[in-house]
Amino acid sequence: MLNKTYANRLKNMLLVSTGIFVILLARMAYLQIYKGVYYDRQADGNRLRSTRIVAARGLVYDRHGKVLVNNFAGYTLTLQPHRQYTEAMLQTLGEILNVKPEMIKARLKLAADSYEPIKIKSNLNTDEITSIEERRRELNGVAVELEPERRYLFNELAVHVLGYTGEVSEYDITQGKYKGLPQGSIVGKAGLEKTYDNYLRGTDGKRNEEVDASGRVVQQLGSVAPKSGKDLALTLDLGLQQAMEKAVDEQLTALQTSGVAPYAKACAVVALDPRSGAIRAMVSRPGFNPNLFVRGISTKDWQAINQNPFDPMTDKAISGEYPAGSTFKVVTGSAALDLHKVTPDELIFDSGHHWIIPMGNAGGEALGWINFQTAFAASDNVYFYEMGRRVGIENLDAYAAKYGFGRITGIDLPGEAAGLIPSPAAKQKVFGEEWGLGDTFNAAIGQGLTLVTPLQLAQMLSVVAENGVLHQPYLVEKVLNEDGTVLAVPQRAEPKNVGISPETLTLIRKGLLGVTQAGGTAAYFSNLGVPIAGKTGTAENPHGQDHGLFIAYAPADNPKLVVAAVVEQGSYGATAAGPIVYKVLEYMLQEKD
Amino acid sequence: MQRYLRNLDWILIMAVAALMAIGLILIFSATHGGGYGWMMKRQALFMLAGVILMGVSLTVDYKQLERIAAPLYLFMVLLLLGVMLFGHAQMGAQRWLRLGPLAFQPSEFCKGFMIVCLAAFLNGRSYRLLDFTDYWQPVLFTLVPFLLVMRQPDLGTALVFGAITLSMFLMCGFKMRWLALCGLVGCLSLPAVWHFLKEYQRNRLRVFLNPELDPFGAGYHVIQSKIAIGSGMLLGKGWLQGTQSQLNFLPENHTDFIFAVAGEEFGFLGSLIIIALYLIIIWRGLSIALNAEDDFGTLLAVGITGMFLFHVVVNIGMTAGIMPVTGVPLPFVSYGASSLTINLLLVGLLLNINLQREQLQF
């Protein structure tokens, strides 16, 4: 009998079996007790998903409550943190989304410590969403989430004012303006979107969900609702802005096609209410469509913007620095009259050039005996050379400073330039040269080293219009809650009197009025039907054709709007910039305020 | 009749009944969602049928089996050939045979047939198996169905054949040093075996060595199974509360990976109870072998016990990540009629042998 012969073997088999079962049990103890907590967390990691609910950014309204910027529902693709994604999966994703798998890997690596979903691509199009849904099984751990997408309703309109949004950069998270924000957050990158990001952004919410193996949500485990961003009520007037944009584009096209100024492609115009400093319209050309950035700009579009020599990304209205040209005669005239270096009636002889240094008028004309009024209206250089000589460069600079030149206006936009008011000390320092009378002559007519921004010009003219009171220019009237109540009024500098006598300013205003009347450099403005105060300017440009400038306010007897326009390489101010200002004022005058 | 009932091995019966009950509970948990509730009912129905079949089998003396062993062997070979030719492919292997409305897995039944045939084959010859070379006949006898199963390809069942053969050989006096020699030769021939394996089998082995190699492909089962078991911790998450099992992270959770459901929902305590129940079955099986009236009974009992042991160790080892993934179900617990039926018949066979026993205990 085998079981008698090998009875021991049967006993050993039982022993060995028991031994094997003890090993199995030890393995269970290892997995379930020793490593139990670890695997419990892994199981939670499998089933729990935390989703960020992106808060909608605040809306942006014009001064009449018309929406300029809002949001609509876009789709965003996210991956889960602490999850392994295979090479093949990343490859598939890359193909669907048309991005490099390396880029996805880099994102996963960056977010290694995060518990937030990792955003791979925003604003998916229908094809991408369909492809992802079709391959749900393969693309385990990939989620498509609804997210508000920024929309600039009027595309290029006021793009430099509004700015645009984009994903926060690595630099900004670690040390910049947006320190500590989660990766993939949408923040303001330029313009008001950037300045007022803290108000506009809102607070993201969070949703905890239980999901099954295919990523479908099984149950909601609680959530924190997002808080929408606050709305901005701007000073901009949509109608005026549109009129200004149209006027600018028409004028640039006309200049280019007529052959007068083929390179007139860049331009900046500012319109503000001198009574408050509220910017009513502001244009910089060339521009771009901010909606391109919302969707993650394509290489082609980016190249088109980046390689444009006229720099579409720059807001030339606040950071374009130009010689003021003859518009600066407002400053020179103010200084001369205010300091009693001349009386309005004193006649000065213009022989075509000044008698100390033979610097003359641009066109070489000689006007003979002229007083302040005539000299200002006709923009006579010789007269103002003499004014500069009498006033002296120090006093000239002091009056330039009174009008706000040489420093930023403090408008609520990023990247404003300060311009330059040349002084003998600065010339010595920069060029190592003595200041000569010729330099003073140049400064007196806004040429040479003088640099101003279009916004500064508008500010100067509003001081004149407001009889010496300077209002800081600004763009945001109020920050609003969702229900329309006022949350905050952005702080701005108190209006201040710059210290120029009313008598002087009355004479300047009279001079400005003369410009648009018969005998003035912009006489065609009389067609508008109401008296207009204006000044032309033609700024010498060593790199090409002269820049054309025009500044004006209307109505002359009750100023409601100041406009300053600069057309780069547009030649004469009256013909290049004047027509733009004309159309803007025309629109303003027919509108009921 | 009273003596008959008294001579039934009630410990074995209770252990098997307990495991089947646990099986139903786990199958319900694994399948109740998504309209698969019928699976538990179907399994219960087959249990009932299997138990009746087992009861009926007890009325026939197991010794009668020896007489049908030869035709049974022929039938088995033909059956396996049939699978090869007319088999119904599933998951890359031809394992199913359709018979009217019923599809069944012939290889599961062949495990039982193999035990009977080999026991009968060895019964007359066991005393002539003195030297290593004397084993060539029984080896050849096993090799034919073994290779046919390998062709399916069904590595799991083939290895079960190996386990059955080895346990019976050991009962015939196969020397331990021969076993060691076989082991050595086996190890040396591993590269050659590797060559004959299907790509998916190779991947399973590769992934067994390192599941992280392919966490969403071949390694997925094992990783998720380990997470399921581990996250059960001491007392488990509770019935129907296992997140891995209920949210489909654990595939095949009602068949081959059902032990992971137990581990997740009933914790270490649940694992302990199930493993203990299997140990009882092994103990009873070997005890019946020891008490068998004749060599045929001893060989049958040892073969059956060896088969159960192999299934349990490989299956639980697989879910716990210490054995490669081979499609071997957990006896009495995994969903599947073919496996359940043949396992119940084999338990019947053990009981049958025990009815004729001489009293002798470990």
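Source: prediction; values computed, not measured.

Asker: Would you take a moment to explain the confidence of the model for chain B for this structure?
Answerer: Should the pLDDT be low somewhere, the predicted coordinates at that spot are not to be read in detail. Per-residue confidence for chain B gives a mean pLDDT of 88; residues scoring 70 or more make up 91%. Across the interfaces of the predicted complex, the ipTM metric reaches 0.93, alongside a pTM of 0.68.

Asker: Any chance you could explain the sheet that holds strand E19 (residues 533–539) of chain A here in plain terms?
Answerer: Each strand in a sheet pairs with another by means of backbone hydrogen bonds, the pair being arranged parallel or else antiparallel. All names here are of chain A. Read from one edge to the other, the open sheet built from five strands follows the order E12-E11-E21-E20-E19, with strand pairing classed as antiparallel. With one partner strand each, in any of the chains shown, strand E12 (278–285) and E19 form the two edges of the open sheet. Strand after strand, the sheet turns through a mean of 5 degrees between neighbouring axes, direction not considered. Alignment of E19 against strand E20 (residues 547–554), held across seven bridges, turns out to be antiparallel. Each residue of the ladder has a partner; that of alanine 539, found in E20, is histidine 547. Along the sheet, helix H22 (residues 502–515) makes contact with E19 and E20, crossing E19 at roughly 75 degrees.

Asker: Which parts of the structure should I look at to understand helix H8 (residues 176–188) of chain B?
Answerer: The periodicity of an α-helix, 3.6 residues per turn, causes residues three or four places apart in sequence to face the same way. The terminal C-alpha atoms of H8 of chain B lie 19 Å apart, and with 13 residues this matches the ideal 18 Å at 1.5 Å per residue to within 8%. Among the 13 residues in H8 of chain B, one count as buried, and that is only a small part of the element.

Asker: Which parts of the structure should I look at to understand a nonpolar patch on the surface?
Answerer: Together, Ile33 of chain A together with Leu234, Leu235, Leu269, Leu272 and Ile273 of chain B line one region of the surface with nonpolar side chains, adding up to about 540 Å² of accessible area. Looking at the nonpolar patch element by element, the count peaks at three residues for helix H13 (residues 258–291) of chain B. Its location among the elements puts isoleucine 33 of chain A in helix H2 (residues 7–34). Taking the relative accessible area as the measure of exposure, isoleucine 33 of chain A reaches 45% and is therefore partly exposed.

Asker: Looking at this structure, how should I read the side chain of glutamate 568 of chain A?
Answerer: All names here are of chain A. Within the fold, glutamate 568 resides in the loop between strand E21 (561–567) and helix H23 (573–576). Notably, glutamate 568 is buried but unbridged: the nearest opposite-charge side chain belongs to lysine 316, and the N-O separation is 5.1 Å. For glutamate 568, the side chain forms a polar contact with the side chain of tyrosine 322, separated by 2.6 Å.

Asker: Sorry if this is basic, but what is going on with the packing of aromatic side chains here?
Answerer: The geometry of an aromatic ring pair is captured by two quantities: the separation of the ring centres and the angle between the planes. One pass over the full model with this rule turns up 32 aromatic pairs over all chains. Pairing phenylalanine 349 of chain A with tryptophan 369 of chain A gives two aromatic rings, centres 5.1 Å apart and planes at 55 degrees, and the pair type is tilted. In this pair, phenylalanine 349 of chain A is assigned in strand E13 (residues 348–350) and tryptophan 369 of chain A in strand E14 (residues 368–370), connecting sequence segments 20 residues apart. Overall, phenylalanine 349 of chain A belongs to the partly exposed group, its relative accessible area being 37%. For tryptophan 369 of chain A, a relative accessible area of 57% corresponds to the exposed category. Aromatic ring contacts, followed pair by pair, group Phe132, Tyr135, Phe169, Phe174 and Trp178 of chain B into a single cluster. Directly above the ring of tyrosine 399 of chain A sits lysine 402 of chain A, whose terminal nitrogen or CZ lies 4.5 Å from the centroid.

Asker: Is there a simple way to think about the environment of methionine 13 of chain A in this case?
Answerer: Along the chain, the position of methionine 13 of chain A falls in helix H2. When residues no more than four places from it in sequence are discounted, the contact partners of methionine 13 of chain A are Ser167, Leu170, Met171, Leu286 and Val302 of chain B.

Asker: Mind showing me how you'd approach the interface of chain A and chain B here?
Answerer: Buried accessible area, meaning the area lost when the parts come together, often serves as the stated size of an interface. In this complex, chain A contributes 40 residues to the contact, which on the side of chain B involves 60 residues. Taking both partners together, chain A and chain B bury about 4,400 Å²; carbon and sulfur atoms supply 74% of that area. Considering only the surface of chain A that becomes buried against chain B, Leu2, Phe21 and Gln32 of chain A emerge as the three largest contributors, covering 17% of it. Here chain A and chain B share 16 residue pairs in polar contact (both at pLDDT 80 or more) between them. For the side of chain A that touches chain B, the secondary-structure elements that each account for two or more residues are helix H1 (2–5), H2, helix H3 (36–47) and strand E8 (205–211) of chain A.

Asker: Hey, could you run me through the pattern of salt bridges in this one?
Answerer: When the charged atoms of two side chains lie near each other, side chains of opposite charge can form a pair. Residue and element names in this part refer to chain A. Applying the stated rule across the entire model yields 28 salt bridges over all chains. For the salt bridge of arginine 150 with glutamate 193, the shortest nitrogen-to-oxygen distance reads 2.8 Å. Here arginine 150 is found in strand E5 (residues 142–152), whereas its partner glutamate 193 is found in helix H9 (residues 191–195), with 43 residues between them in sequence. Judged by its relative accessible area of 1%, glutamate 193 is buried. The residue lysine 427 makes a salt bridge to aspartate 439 at a minimum N-O spacing of 2.7 Å. Of this pair, lysine 427 sits in helix H19 (residues 424–431) while aspartate 439 sits in helix H20 (residues 437–444); the two residues are 12 residues apart in sequence, bridging distant segments of the chain. One continuous salt-bridge network, built from bridges that share partners, spans Arg57, Arg150, Glu193, Asp197 and Arg201.

Conventions we followed
Sequence order as written defines residue numbering, which begins from 1 separately in each chain. Naming scheme: in the order in which they are written, chains are lettered from A and ligands are numbered from 1. Confidence filtering applies because this is a predicted model: local features only for residues at pLDDT of at least 70, side-chain atom pairs given and counted only at 80 or more, and all residues used for totals across whole chains, interfaces and linings. With hydrogens and water set aside, each side-chain value is computed from the structure's full complement of heavy atoms. Confidence scores here are pLDDT values: one per residue, from the predictor, ranging 0 to 100. Strand pairing is defined by DSSP finding a minimum of two bridges between the two strands. Strands here mean DSSP runs of E at least two residues long; helices mean DSSP runs of H or I at least four residues long; both are numbered from the N terminus. Fitting a line to C-alpha atoms yields each axis, with helices limited to the stretch in contact; the angle taken between N-to-C directions then spans 0 to 180 degrees. Whether two residues are in contact is decided by their heavy atoms, any of which lying within 4.5 Å being enough. Multiplying 1.5 Å by the residue count of a helix minus one yields the expected span of that helix. Relative accessible area decides the class of each residue, using a 1.4 Å probe on protein chains only: under 20% of the type maximum gives buried, over 50% gives exposed, and in between gives partly exposed. Only residues whose relative accessible area exceeds 30% and that form no salt bridge enter a patch; like-charged residues are grouped when within 9 Å of one another, and nonpolar side chains (Val, Leu, Ile, Met, Phe, Trp, Tyr) when within 5 Å. All accessibility values rest on the Shrake-Rupley procedure with a 1.4 Å probe; residue burial counts only the protein chains present in the view. Salt bridges are defined as contacts in which a side-chain nitrogen from Lys or Arg sits within 4 Å of a carboxyl oxygen from Asp or Glu. For the purpose of counting charges, residues Lys and Arg are taken to be positive, whereas Asp and Glu are taken to be negative. His and the chain ends are not included. Under this definition, polar contacts are N or O atom pairs within 3.5 Å; protein pairs additionally need one hydrogen-donor-capable and one acceptor-capable atom, and for neighbouring residues in sequence, both atoms have to be side-chain atoms. Here a pair means two rings of Phe, Tyr or Trp (six-membered ring of Trp) with centres within 6.5 Å. Their orientation is stacked below 30 degrees between planes, edge-to-face above 60, and tilted elsewhere. Only when the NZ of Lys or the CZ of Arg is both within 6 Å of the ring centre and within 35 degrees of the ring normal is a charge said to sit over the ring. Each of two parts loses accessible area, computed with a 1.4 Å probe, when they are put together; buried area is these two losses added.

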